[in-house]
Amino acid sequence: MDTRPSFDNVEVETHLPLSTSSTDKKPWYRTASAYWLLPMFIIIAITGGLTVATGVQLYLKAVCHNYYSKKHIPGVSFSLEPISPDNLCNNPDVQSVTSKFLAATNLCTAIPAIFVLGPLGTLSDRKGRKRTLLISSGGTILSTLVLIFVSNFLETFGIYCYLIGPLIDGLTGGFYALSEASYAYATDCTHPTRRSVVFGWVQGAMFAGFAVGPIIGAWLVKVTDNLLSVNYVILVVYIILFLFYIFILPESLSKEKLASNLKRQQEIRSRQKSWIHSFLYRILGALLVFRPPQQQNDDDKIPITFATKYSPLMLAACYTLLSASIMAFTGVFVLYTSLVFKWSLLQQGYFVFMMGATKVVVLFIIYPAIVKFKKPILALFTKFEKLIIKGRNNNRQNDNGDNNFITETEEKRGERIVVNDENINDNNVNDSNECKDDDDEQMKKELIFEVWVIRIIFLIDTLAHIMYGFATTGSVFIGATVIAALGIITTPAIKSLQTNLIPPSQIGRLLGAISVIDSILRIVVPPIFDGLYSIFVKTSPHLIWYCMSVLLILAFLFAFGIGPKKQ
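Residues numbered from 1 in each chain as written. Predicted model: local features only at pLDDT ≥ 70, side-chain atom pairs only at ≥ 80, totals over all residues. Heavy atoms only, no water.

**Examining the overall build of the protein chain**
Helices and strands together make up the secondary structure of the protein chain, namely 18 helices and zero strands. When contacts within the protein chain are restricted to residue pairs at least 6 apart in sequence, long-range pairs at least 24 apart make up 82% of them. When the accessible surface of the protein chain is totalled, it reaches about 27900 Å², and 64% of it is carbon and sulfur. (Helix = DSSP H or I, 4+ residues; strand = E, 2+ residues; numbered from the N terminus. Contact = heavy atoms within 4.5 Å. Areas by Shrake-Rupley, 256 points an atom, 1.4 Å probe, with all protein chains shown as cover.)

In structure tokens form, the structure reads like this:
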């Protein structure tokens, strides 16, 4: 039975399994599948959301204690109880110092991560995805232990020992390495035409967790009256996840694939001229994955070979601009809504929950629906194209009076007409070529469809950010946020396309490079947009949204550099 992908029967795609290893006949609990990731990511996101508010309060209390101790002001002892509204720590001077301390913790994580995430991605290509998952989750366990230990003995160790935890997170990759390895795992066991939807599910699971996490964290602190209670929960959860990775999660790469990936990496390293080149390549070489792809072996072929050679670089530029706009929004919206709409902390909490819930709906319902309608759209496009070809062919036949000739180009587009009896003995060869042509044609239309989705969503996201600037009431701002939630589609769509534009042996390296970009942006973006907002805030604070719109419109323009080669 012929099950190859075909636009004559587009419904075939719905039967593609999430796991590509179904031919191995393994039991389900030993079969790698993207479904392993969804509950895991929800749990990870919930634990990350637990400390959104409580983590800041813990650092605020520690900084407050250190601040007043240096001034020799009695009565400000360090405790693990939540801060009350009339507490001495709630003053501008202490919050200013706390803000600087939080920036230092961010740098302690982001700077080492720039040099670690690339090698971790490459390591996952040659040693398996589980290795990176274990390293990053083990680092989170150690950093959480440090935070708990320092908090319980702050008088002994001092406030700056808190920086050890973020430093461990940075050296082991932290959440970015965990995310990178998870996306690589999903790539290994998902068909190229299904990756964007699966990536959307993974990201939707993350947003669902982040939406619920702060509420659970606030409830835990209220019940226990202890800011560290959420960290004890995080410690237990990550220990369970660590054991899950070791004993339960199946490895997504076979031993043969790992050996093949290792051989290719050794070939690349052998071309390095000196140890300095080799060292720099190991640390920052992951970013070179965005160069125009080169010819690969038959067993390591790029899924989409007909894209323009600069498509990976254009996608990287789009992703960088998109991530920069998201980070800028995160750093500004609390200050902006407090100033312009006079929102309280509770109202801002509701807004964050609504924003996360809207993105979950987009990724779990709207985006899969768009992909589902892709099939009839592509089928109609194919029928329309065939009608044009048929009409053109008839015109040529009438003009030339030759009914026994058909061009090679039209054969590749599905006009399977046998015109000479001499071709009968070559039917098997022709069928094989037609199968390959059908696969290429389907992937080409998949590429065109996803690129246009990315372009349209970037344009919608740009308009939504312009609406932020025009919003004079909170309700209009919320309406713009609902529209902007569609922008989250671009993240899984871009990552999915990127995995289809490089050889399978470099998936970990690619996702490591994406994480390196995120780490660099964590250092660069907040100071830039915080500085811009400090300039605009006195006269025209709404101008900050137009600056973010510029990033998105640039991403929209770069998206036109992605697509199939012109024939």
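Resuming the write-up.
**Overview of a nonpolar patch on the surface**
There is a patch of nonpolar side chains on the surface, built from Leu459, Leu463, Val550, Ile553, Leu554, Leu557 and Phe558 and spanning about 560 Å² of accessible area. Within the residue set of the nonpolar patch, elements represented by two or more residues are helix H14 (427-470) and helix H18 (543-558). Relative to the elements of secondary structure, valine 550 occurs in helix H18. (Patch = residues over 30% accessible without salt bridge, like charges linked within 9 Å, V, L, I, M, F, W, Y side chains within 5 Å. Salt bridge = Lys/Arg side-chain N within 4 Å of Asp/Glu carboxyl O.)

**Details of the packing of helix H11 (residues 311-340) against helix H16 (residues 490-499)**
H16 packs onto H11 with a crossing angle of 155° between their chain directions and a minimal axis gap of 10 Å. With respect to their mutual orientation, H11 and H16 come out roughly antiparallel. As for how H11 packs across H16, the hand of that crossing is left-handed. Residue-level inspection shows Leu315, Ala316, Cys318, Tyr319 and Leu322 of H11 in contact with H16, the latter providing Thr490, Thr491, Ile494, Lys495, Leu497 and Gln498. Counted by class, the contact of H11 with H16 contains seven nonpolar, three polar and one charged residues. (Axes fitted to C-alpha atoms, helices over the stretch in contact; angles between N-to-C directions. Parallel < 35°, antiparallel > 145°, perpendicular 65-115°, else oblique. Left-handed = near helix turned anticlockwise from the far one by under 90°. Nonpolar A, V, L, I, M, F, W, Y, C, P; charged D, E, K, R; others polar.)

**As for the environment of valine 550**
The exposure class of valine 550 is partly exposed, given its relative accessible area of 44%. A C-alpha to C-alpha distance of 7.9 Å links valine 550 and threonine 462, two positions 88 residues apart in sequence. (Buried < 20%, exposed > 50% of the residue type's maximum accessible area, 1.4 Å probe, protein only.)

**Here's the deal with the packing of aromatic side chains**
Counted according to the given criterion, the structure contains 32 aromatic pairs. A centroid spacing of 5.7 Å and a plane angle of 40° characterise the contact between phenylalanine 351 and phenylalanine 477, whose relative ring orientation is tilted. Of this pair, phenylalanine 351 sits in helix H12 (residues 345-400) while phenylalanine 477 sits in helix H15 (residues 474-484), and the two are 126 residues apart along the sequence. Of the two residues, phenylalanine 351 and phenylalanine 477, both sit in the buried class. With a centroid separation of 4.6 Å and 35° between ring planes, the pair formed by tyrosine 468 and phenylalanine 477 is classed as tilted. For phenylalanine 477, a relative accessible area of 0% gives the class buried. Taken together through their ring pairs, the aromatic side chains of Phe329, Phe333, Tyr336, Phe341, Trp343, Phe351, Tyr468, Phe477 and Trp545 make up a single cluster. Above the ring of tryptophan 452, the side-chain terminus of arginine 455 is found at 4.7 Å from the ring centroid. One Lys or Arg, arginine 455, reaches over the ring of phenylalanine 560 and ends 4.4 Å from the middle of that ring. (Phe/Tyr/Trp six-rings, centres within 6.5 Å; stacked < 30°, edge-to-face > 60°. Lys NZ or Arg CZ within 6 Å of the ring centre and 35° of its normal.)

**A closer look at the confidence of the model for the protein chain**
Residues of the protein chain with pLDDT of at least 70 account for 78%, and the chain-wide mean is 79. Long-range and interchain partners of residues 1-23, a stretch whose pLDDT sits below 50, account for 49 contacts in this model, where long-range means more than four residues apart. Considering only residues more than four positions removed or in separate chains, one finds that residues 403-425, a stretch of pLDDT under 50, has 28 contacts. (pLDDT = per-residue confidence, 0-100.)

**Looking at unusual backbone geometry**
Non-glycine residue aspartate 225 carries a positive phi angle of around 55°. Structurally, aspartate 225 is set in the loop between helix H7 (195-224) and helix H8 (229-247). Judged by relative accessible area, which is 41%, aspartate 225 ranks as partly exposed. Backbone geometry at lysine 342 places phi at a positive 60°, although glycine is not the residue there. Assignment of secondary structure puts lysine 342 in the loop between H11 and H12.

**Digging into the pattern of salt bridges**
By the definition in use, this model includes two salt bridges. Salt-bridge contacts for arginine 129 lead to aspartate 125; the nearest nitrogen and oxygen are separated by 2.9 Å. Residue arginine 129 is classed as buried on the basis of its relative accessible area, which comes to 0%. For aspartate 188, the salt bridge goes to arginine 129, with nearest N and O atoms at 2.7 Å. Within this pair, whereas aspartate 188 is found in helix H6 (residues 174-188), its partner arginine 129 is found in helix H3 (residues 129-152), the two being separated by 59 residues in sequence.

**Structural notes on the environment of methionine 467**
Turning to its location among the elements, methionine 467 is positioned in helix H14. Overall, the relative accessible area of 31% leaves methionine 467 in the partly exposed class. Counting along the chain gives 16 residues from methionine 467 to isoleucine 483, while the straight-line C-alpha distance between them is 9.6 Å.

**Brief notes about helix H5 (residues 164-171)**
Along H5, the residues classified as buried are Gly165, Pro166, Ile168, Asp169 and Gly170. Residues of H5 that are buried sit in contact with helix H1 (37-70), helix H2 (92-127), H3 and H6. Of the residues flanking the end of H5, it is glycine 173, one or two places downstream, whose phi is positive at about 95°.

**Details of the side chain of threonine 172**
With respect to the helices and strands, the residue threonine 172 is situated in the loop between H5 and H6. With residues near it in sequence (within four places) discarded, threonine 172 still touches Leu120, Ile135, Ser136, Gly139 and Ala177.

**Quick word on the nonpolar core**
Of all hydrophobic cores here, the largest spans 135 residues; its most connected members are Tyr162, Tyr245, Phe458, Phe477 and Trp545. The dominant element in this core, judged by the number of residues it contributes, is H11, at 14 residues. The residue makeup of this core includes at least three contributed by each of domain 1 (29-71 + 89-271) and domain 2 (303-387 + 439-566). In this structure, tyrosine 245 is in contact with Met40, Ile44, Lys130, Leu133, Leu134, Ser137 and Leu178, ignoring residues within four places of it in sequence. Counting residues in hydrophobic clusters, the runner-up holds seven residues, among them Cys64, Tyr68, Ile83 and Cys89. (Core = buried A, V, L, I, M, F, W, Y, C linked by side-chain atoms within 4.5 Å. Domains from an automatic or database assignment.)

**Brief notes about the packing of H1 against H7**
Geometrically, a packed helix pair is captured by the angle between its two axes and the distance between the axes. Close contact between H1 and H7 brings their axes to 5 Å; oriented N to C, the two are set at 40°. In this view, H1 runs oblique relative to H7, as classed from their interaxial angle. Viewed along their axes, H1 and H7 form a crossing whose handedness is right-handed. Residue-level inspection shows Leu37, Leu38, Phe41, Ile42, Ala45, Ile46, Gly48, Gly49, Leu50, Val52 and Thr54 of H1 in contact with H7, the latter providing Trp201, Val202, Ala205, Met206, Gly209, Phe210, Gly213, Pro214, Ile216, Gly217, Leu220 and Val221.

**Quick notes on H1**
Given a rise of 1.5 Å per residue, 34 residues ought to cover 50 Å, and the 48 Å separating the end C-alpha atoms of H1 matches this to within 8%. Where H1 bends most, at valine 52, the angle is about 45°. (Expected span 1.5 Å × (residues − 1). Bend = angle between axes of the 7 residues up to and from the residue.)

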